[in-house]
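# Working through the structure, step by step
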Amino acid sequence: MSLVDSPPAGPPVSSARATARLLGSELRLVFGRVRNIVLLVGLAAVPLLIGTVLFVTQDTPVAGQGPPFLDRVTGNGVFLVFAALVSCLPFLLPLCVSIVSGDAVAGEASAGTLRYLLVVPVPRTRLLLVKAVAALAYAAAAVTAIAGVGLVAGAAFFGVGDVVLLSGDTIPLAEGMLRTLGVVGYVVASLTGLVAVGLFLSTLTEVPVAAMAATVVVAIVSGVLDALPQLSAIHPALLTHHWLDFGEFLRLEVDASTLFAGLAVQAAWVAVFGALAWSRFTTADVSS
Amino acid sequence: MSGAEGDAGDAEGAGDAEGAAVRTRGLTKRFRSGQVGVDGVDLLVPRGAVYGFLGPNGSGKTTTIRMLLGLVSPTAGSVELLGTAMPGGGAEVLPRVGALVEGPAFHPYLSGEANLRRLDAADPTSAPGSRTRRIGAALERVGLTAAAGKRYRQYSLGMKQRLGLAAALLRPRDLLLLDEPTNGLDPQGTREVRALVREVADAGATVLVSSHLLSEIEQVCSHVGIMSRGTLLAQGPREEIADEGTTEVRVMTRPDQRAHAVRVLSGLGLDGARADGEVVAAPLGSVAVEKVAQAVVGDGIDLLGLEVRRPTLEDVFVRLTGEGFDVAR
C-alpha cells in the first residue's frame, strides 16, 4: 500500500493544542531519560541520607552546627525537608537543573534531531517555549522529590508535630505543611533564572556538555561573588543571592517583601536570558 | 534505435515557474568566515520530476537544501517550495514536504518507533488517531518493522538511513527532499531506495534527491542539476543534459580501412570524425545512426561493429568542470 495514497493526516490543530502535544512529547523525553531519572533519585536520596545519619547516630546537632535547620530535625521530622533543601541548594540542585536546561537545545543540535524537528515543522519560538517549560518542570520535580522524600523520611524517623518557628512560636502541623508547600514553590521559582541562563547557553553551542558546564559555572560564580563582602553593592541582583530566603516561610509573620525581592530578581534574569535565548534561537542558522 | 530519445521536447517546459515544486532565485550563502558556500543558484524543479541534485562532497548541495527548508537563512536570493515562499511559509508548506538532511538523526536511547512518535507528535497537522497505523506503515515500507522496538543506537548505518526515510514518509508528501539517501546503504538497500523514489514519484510526488555518487541515482532521475563549488553548472531534463551534442557513433572496422571510414563519416556531414584507437569515432549530431551504417557498408567497408555511445552524466560533469566528479573541494 502506498503511503502517498493514504488520506491526509488531519486538519491543523490550534497553536495551543499543538504546543500542548509537543510539551507532552518533550516531558516524556526529559523524564524518560535514564540520566535524568538517576539524577532525580540521587537528589531524593539526600534527605534519606541525612535522616539516616541522624537517626543512626542518635546525635542531635547543636544549633549553629552544620547546615541551618539540622538541629531541629530530630525534634520534628518536617525540618528534614528544609535541612535537605539547604544542603542541595548550593550545588546539587543547580547541577541537575544545569544539566537538563543546558541539554535542552544543544542536545538536540548535537544529535541532529533539531533540524528534523524544525522541518516537521515546529516553529522555533514554540520549541524554545516547550524546552523551557520542560526544564522548569524537571526543576520542580527535583525540588518536590527532595521535599517529598524528606517529609516521608522525617516522619518515619522522627515523627512530625506542630512546627516551632524560628521565632519560637508554634503553629499547627497543617499550617506547617502549607508553609512547606510555600518553601517548595519558592525554591522552584528561585531556579527559573538558572533555567533561563541554561537555555540561552544551550542555544549557543552544539556541545551539550559545554552548555551544562557553563550553566553550573554561572551558578557557582554567583555564589562566590555573593560571599565577597566587597561586592555587597551587587549582591541583591545575583542569581543565587535570595535562594536561602525561603526561611522567611518559617517566621510567624512571613515578610512578603523579602520573598518578592527574590522573585523579582529571578524574573529579571528570566526576562534577560529568555530574550537572549529567543533572539539567538529564532535567528541562528541550524547547521548541525 | 536511438532516434526518439533525444526528443525531450521543451526542456524549459520546466520553466513554468508557477508549476515548480522548488524554485530558487539567486540563492546565495556566504558564511561568517567569508567563504561562499552557495553562489547565485537558480534551482528549478518541475512538479512531478525526480530531480537528481548532483555534485561532489562540499559542492554546496546540503547548504542549498538547508536553505530550501529554512534551516539556514540565505545571504541573498529567494526560495519557493510548492509555490510558497520560504522561510515565511514554512508552517503552511513544510507538512507537505518530507526531508532527509545530511543523514538521519534520532535520539539514540529511544527506539525507532518512539523516535517516529516524537516527530509525529511535533507535527500540529498530523492526526493522533492514525499515528500508530501510519508509523507502522512507514516502518514496514522501509523494512524496519522487525527492528521497530530496538533502540536507535543499536541500529546499523543502513537501518538508520531507513528510519530517516520512514520519517520522511510518515505522511503523504507532495515533495521529498532527500539528501544523500543512499549513504551507508549496501547495494541491495540502494536498489530499494531507488525503487522507493520511483514509487513515490509514480504516485505524483516530486522528489529532489542529492548524491555525490552519480551512478546511484542517474537511473531514476527525470531531471538533473549539477553543482560544483557552490554554483549550479547545468540543470534540465536528464536526456537533454546528457545529450548536449556529444553522443558519439563509434565504427569498428579493419585497421587498413579506418582512414576510408573517416572519409565516409565526414562525407555524411559528421564533423570531427577521427580514428580513435581501434575505432573510428564521430559526434553523431542529427544524423540517424542507420544512415551511418548504410553509408559505411555501402562504401565497401567491413563493418565489424557499431556503437552509439551516450555521454554519462560523469562525462557531462567532467566537460563542465574540467575535473573528475569525485574531486572534493
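Residues numbered from 1 in each chain as written. Chains lettered and ligands numbered in written order. Predicted model: local features only at pLDDT ≥ 70, side-chain atom pairs only at ≥ 80, totals over all residues. Heavy atoms only, no water.

## A word on the overall build of chain A
Keep this limit in mind: Helical segments are the DSSP runs of H or I of at least four residues, strand segments are the runs of E of at least two, and each set is numbered from the N terminus. Residue contacts follow a heavy-atom distance rule, with two residues in contact if any of their heavy atoms lie within 4.5 Å. Note on areas: Shrake-Rupley, 1.4 Å probe, and residue coverage restricted to the protein chains presented here. Charge assignment: positive for Lys and Arg, negative for Asp and Glu; neither His nor the chain ends contribute. Working definition for charges: the position is that of NZ of Lys, CZ of Arg, CG of Asp or CD of Glu.
The helix and strand tally for chain A stands at 10 helices and 2 strands. Counted from the first residue to the last, chain A has its helices and strands arranged as α-α-α-α-α-α-β-β-α-α-α-α. When contacts within chain A are restricted to residue pairs at least 6 apart in sequence, long-range pairs at least 24 apart make up 75% of them. Of the roughly 12,100 Å² of accessible surface on chain A, 72% is carried by carbon and sulfur atoms. Here chain A contributes 13 positively and 16 negatively charged side chains, and the mean placements of these two sets differ by 14 Å.

## With respect to the UniProt feature "transmembrane region" (unreviewed entry) in chain A
All names here are of chain A. For clarity, the cut-off: UniProt positions are given in the numbering used here, feature names are shortened, and annotations may be inferred rather than shown by experiment.
In the numbering adopted here, UniProt assigns the feature "transmembrane region" (unreviewed entry) to residues 37-57, 77-106, 127-160, 180-201, 213-238 and 258-278. Helix makes up 87% of residues 77-106 and strand makes up 0%, while its end C-alpha atoms are separated by 41 Å. In the segment residues 180-201, helix accounts for 95% and strand for 0%; the C-alpha atoms at its two ends are 32 Å apart.

## Some details on the packing of aromatic side chains
What counts here: Two rings from Phe, Tyr or Trp (for Trp, the six-membered ring) form a pair when their centres are within 6.5 Å of each other. A pair whose planes differ by under 30 degrees is stacked, one over 60 is edge-to-face, and the rest are tilted. The cut-offs for exposure are 20% and 50% of the maximum accessible area for each residue type, with area from a 1.4 Å probe on protein chains only; residues under the lower value are buried, those over the upper are exposed, and the others partly exposed. Only when the NZ of Lys or the CZ of Arg is both within 6 Å of the ring centre and within 35 degrees of the ring normal is a charge said to sit over the ring.
Tallying each qualifying case throughout the model produces 14 aromatic pairs over all chains. Each ring, one from Y152 of chain B and one from Y155 of chain B, has its centre 5.8 Å from the other, and the planes form 55°; the classification is tilted. Accessibility classification places Y152 of chain B together with Y155 of chain B in one group, the buried group. Members of the aromatic cluster, each reached through a chain of ring pairs, are F69, F79, F82 and F246 of chain A. Taking the ring centre of Y152 of chain B as reference, the NZ or CZ of K160 of chain B above it sits at 5.3 Å.

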